[in-house]
Amino acid sequence: MYEVYQLDFDVQVERLYSSATRVKTFESKLRLKTFYNLIKMQSGWFSEIQDELWPGQSFSLKVREVLHKEKSDFQDIQIVETDSYGRCLILDGIIQCTYRDEFSYQEMISFLPLCCHPNPEKVLIVGGGDGGVAREVVKHPLVKEVHQVEIDNRVVELSKQYLPAMACGFDSKKLKLTIGDGFEYMKNHKNQFDVIITDSSDPIGPAVSLFNESYYGLLKNALKDGGIVCSQGGSFWLNYEYVKKTMNGCKLHFPKVSYATTSVPSYPCGHIGFVIGSLDENRCLEEPVKRFTKTEIDSLDLKYYSSKIHTAAFALPRWIEKHFYE
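Residues numbered from 1 in each chain as written. Predicted model: local features only at pLDDT ≥ 70, side-chain atom pairs only at ≥ 80, totals over all residues. Heavy atoms only, no water.

A separate point is the nonpolar core. Counting 38 residues, the largest nonpolar core has L112, V137, F274, I276 and Y305 as its most contacted members. When residues of this core are traced back to their parent elements, those giving at least two are α3 (102–116), β6 (122–127), α4 (132–137), β9 (193–199), β10 (223–234) and β12 (271–278). By residue number, the principal contributor to this core is α3, which donates eight residues. Ignoring any residue separated from it by four or fewer positions in sequence, one finds I276 in contact with L112, I228, V229, C230, K256, V257, S258, A260, L285 and F314. Residues Y216, L219, C250 and I320 belong to the second largest nonpolar core, which totals 26 residues. (Core = buried A, V, L, I, M, F, W, Y, C linked by side-chain atoms within 4.5 Å. Buried < 20%, exposed > 50% of the residue type's maximum accessible area, 1.4 Å probe, protein only. Helix = DSSP H or I, 4+ residues; strand = E, 2+ residues; numbered from the N terminus. Contact = heavy atoms within 4.5 Å.)

Below is the structure:
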């Protein structure tokens, strides 16, 4: 009886979701998809449906409890407790992080660029409202000053309340947090940073601008000589043409550009990449300038990043290597 009921429920929900594909505006689609996910959650599961970014596939988590949900001035925010991945932050129906695997993303987007720079004293984080990237950046022994600009204060406040293991990054004396627009912030802070890390959501809706060529122009102007940038770059398994387009946009402003990857099981395809650019054309991004011993890695409480992992992250399958670099 339960299986029949569940099948009927899923059919009805799928019919509701299919109507979203006939709606033309992004906002209307987003509302329908968010409503779809809320209904699915009532069945005990959250399903990440996003036909514009990863059509024909979905990652699902069994939900133990919905801890919080609201619509901020910028996005729909949900925080849930799952059975197998712990607490999970969901923005506009897309998983941003889970307690089980968030460290692999946070450590890599932080330590890849930091360890490529000979002296990353002053760092800017754009986005990263959950605090995870800040938590990692302040660990680096050469980092003296971290500035972070996040547009949605509600993500910050809710992360402090429900995701303290990540939001602890906001407690560091090295960090200065600004609530505001990252574009405007960089326009007013030229030639100031050694490293800039962009921890953005996926390239849809408002976040699309963070993947455009013009954004890399802003990043370049905010960097000091020899500065390095690192941005969430998407997965080549999902859309390698879009990744290459992002890399080409970066290459218009940075003489040295590369792409690295990390494994994150709760992300689409269990995989995500980073576009890294350096203003120093002689910088070898694949080899860390700063190398940590195993003892140092453990003392910094790093679970994923190491000097060996750094180099390995840039090794790509041959078909992708050819597409990106030849």
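Anyway, onward from the coordinates.
Let's shift gears to the sheet that holds β12. Pairing between the strands of a sheet comes from backbone hydrogen bonds, and it takes one of two forms, parallel or antiparallel. Reading across the sheet, the seven strands line up as β8-β7-β6-β9-β10-β12-β11 and stay open at both edges, with mixed pairing between neighbours. In the strand order of this sheet, the two ends are held by β8 (175–179) and β11 (256–263), each with one partner. For this sheet, the mean inter-axis angle between neighbouring strands, taken without regard to orientation, is 20°. As paired elements, β6 and β9 share five bridges and run parallel to each other. Looking across to β9, one finds that I125 is bridged to I197. (Pairing = 2+ DSSP bridges. Axes fitted to C-alpha atoms, helices over the stretch in contact; angles between N-to-C directions.)

Time to look at the packing of aromatic side chains. Taken as a whole and judged by the stated rule, the model has 14 aromatic pairs. Centre to centre, the rings of F59 and Y85 are 5.9 Å apart; their planes meet at 85°, and the pair counts as edge-to-face. Here F59 is found in strand β2 (residues 59–71), whereas its partner Y85 is found in the loop between β3 (76–82) and β4 (87–91), with 26 residues between them in sequence. According to the relative accessible area criterion, F59 is partly exposed, its value standing at 22%. Ring geometry for Y105 and F274: centres 5.7 Å apart, planes at 40°, overall tilted. Of the two residues, Y105 sits in helix α3 while F274 sits in strand β12, which places them 169 residues apart along the sequence. Using a relative accessible area of 0% as the deciding quantity, one classes F274 as buried. Through a chain of ring-to-ring contacts, the aromatic side chains of F236, W237, Y240, Y259, W319, F324 and Y325 assemble into a single cluster. Over the aromatic face of Y85 sits the side chain of R100, whose NZ or CZ is 4.6 Å from the ring centroid. (Phe/Tyr/Trp six-rings, centres within 6.5 Å; stacked < 30°, edge-to-face > 60°. Lys NZ or Arg CZ within 6 Å of the ring centre and 35° of its normal.)

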